[in-house]
Amino acid sequence: MTRSLTVALGADHGGVTLKNRLAAVLIEAGHEVQDYGTDGPASVDYPDFAQAVCGAVTEKRADFGILVCGTGIGMSIAANRHAGIRCGLVHDVTTARLTRAHNDANVLALGARIIGEEVALDILGAFLSTPYEGGRHQRRLDKLNQTTESTP
Ligand code: RB5
């Protein structure tokens, strides 16, 4: 990983173990971690943690967000409902790289019950070290920001 970053982390009970591991690795690498929980195995609701992490990103208190649940699906759905959030649900290094390069993803969603810890750590490294390419991709991101209204 390159420059020191501030990374906001959140997980539900399905992702808490992996989230804690990612936090430790990030701190070891010299990054600042904002841990929005959850902190234990008790059942919780993933939208609450997505909201906390996405708020940190959209308010520019964090450079990136990372959300972990069982599949990553609930977290990614929740995150992408927040204006200004581009959350990529990623299962491998290639999609980690491409969601940064092409989508300028500012939040990473992971499924702790789907991928192993080593894969998750490789994804983390690729996600944080890959720059956005801009160029033709910016036109597409601009369209994501446009509000479209259907005409009856
Ligand atoms: C929790 O059981 C599980 O539904 C959650 O972690 C996540 O996988 C939802 O998408």
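You'll find the structure just up there.
About the cut-offs
Numbers given to residues run from 1 along each chain, matching the order in which its sequence is written. Given that the model is predicted, a residue must reach a pLDDT of at least 70 before its local features are reported, and side-chain atom pairs must reach 80 or more before they are shown or counted; all residues, however, enter totals for whole chains, interfaces and linings. Side-chain calculation: all heavy atoms of the structure are included, whereas hydrogens and water are not. At least two DSSP bridges between two strands are needed for those strands to be called paired. Here a helix means four or more residues in a row that DSSP labels H or I, a strand means two or more in a row labelled E, and each is numbered from the N terminus. To get an axis, fit a line to the C-alpha atoms, keeping to the stretch in contact for a helix; angles then go from 0 to 180 degrees between the N-to-C directions. Two residues form a contact once any of their heavy atoms are found within 4.5 Å. Each residue is placed in one exposure class: buried if its accessible area under a 1.4 Å probe, protein chains only, is under 20% of its type's maximum, exposed if it is over 50%, and partly exposed if it falls in between. We define a polar contact as two N or O atoms separated by no more than 3.5 Å, with the added condition that, inside protein, one atom must be a possible hydrogen donor and the other a possible acceptor, whereas residues neighbouring each other in sequence contribute only through side-chain atom pairs. We count a salt bridge whenever a side-chain nitrogen from Lys or Arg sits within 4 Å of a carboxyl oxygen from Asp or Glu.

**Q** I'd like a rundown of the sheet that holds strand S2 (residues 32-35), residues and numbers included.
**A** Across the sheet, which stays open at both edges, the five strands sit in the order S2-S1-S3-S5-S4 with parallel pairing between neighbours. In the strand order of this sheet, the two ends are held by S2 and strand S4 (87-89), each with one partner. When the angles between neighbouring strand axes are averaged without regard to direction, this sheet yields 20 degrees. Examined bridge by bridge, strand S1 (residues 6-11) and strand S3 (residues 64-69) share five bridges and lie parallel to one another. Bridge assignment links Ala11 to a residue of S3, and that residue is Val68. Strand contacts of helix H2 (residues 46-58): S1, S2, S3 and strand S5 (107-111), with the helix running at about 170 degrees to S3, the strand carrying the most contacts.

**Q** Just give me the short version of helix H4 (residues 93-101), but keep the residues and values in it.
**A** The complete set of buried residues in H4 reads Ala96, Thr99, Arg100 and Ala101. Tucked inside the fold, the buried residues of H4 contact S3, S4, helix H5 (117-129) and helix H6 (136-145). Of the residues flanking the start of H4, the one acting as N-cap is Asp92, its side-chain oxygen 3.1 Å from the backbone nitrogen of Thr94.

**Q** I'd love a proper account of the side chain of Thr130, names of residues and values included.
**A** Along the chain, the position of Thr130 falls in the loop between H5 and H6. Polar contacts involving the side chain of Thr130 include one to the main-chain carbonyl oxygen of Ala126, which spans 2.6 Å. Setting aside anything within four residues of it in sequence, one finds Thr130 in contact with Arg97, Arg100 and Ala101.

**Q** An account of unusual backbone geometry is requested, with residue identities and associated values reported.
**A** Each neighbour pair has its own omega, and for Gly37 with Thr38 the value is 5 degrees, a cis peptide bond. Mapped onto the secondary structure, Thr38 falls in the loop between S2 and H2. Its identity is not glycine, yet Lys60 carries a phi of approximately 60 degrees, on the positive side. Its location among the elements puts Lys60 in the loop between H2 and S3. Even without being a glycine, Asp104 presents a positive backbone phi close to 50 degrees. By secondary structure assignment, the location of Asp104 is in the loop between H4 and S5.

**Q** Residue-level account of the environment of Gly40, with values.
**A** Structurally, the position occupied by Gly40 is in the loop between S2 and H2. For the pair Gly40 and Thr130, spaced 90 residues apart in the sequence, the C-alpha separation amounts to 31 Å. Not counting residues up to four positions away in its chain, the partners in contact with Gly40 are His13 and Val16.

**Q** Requested: an account of the pattern of salt bridges, with residues and values cited.
**A** Counted according to the given criterion, the structure contains five salt bridges. Residue Arg86 pairs with Asp104 through a salt bridge whose shortest N-O separation is 3.3 Å. Note that Arg86 is positioned in the loop between helix H3 (73-79) and S4 and Asp104 in the loop between H4 and S5, a separation of 18 residues in sequence. One network of salt bridges, with partners in common, ties together Arg86, Arg100 and Asp104.

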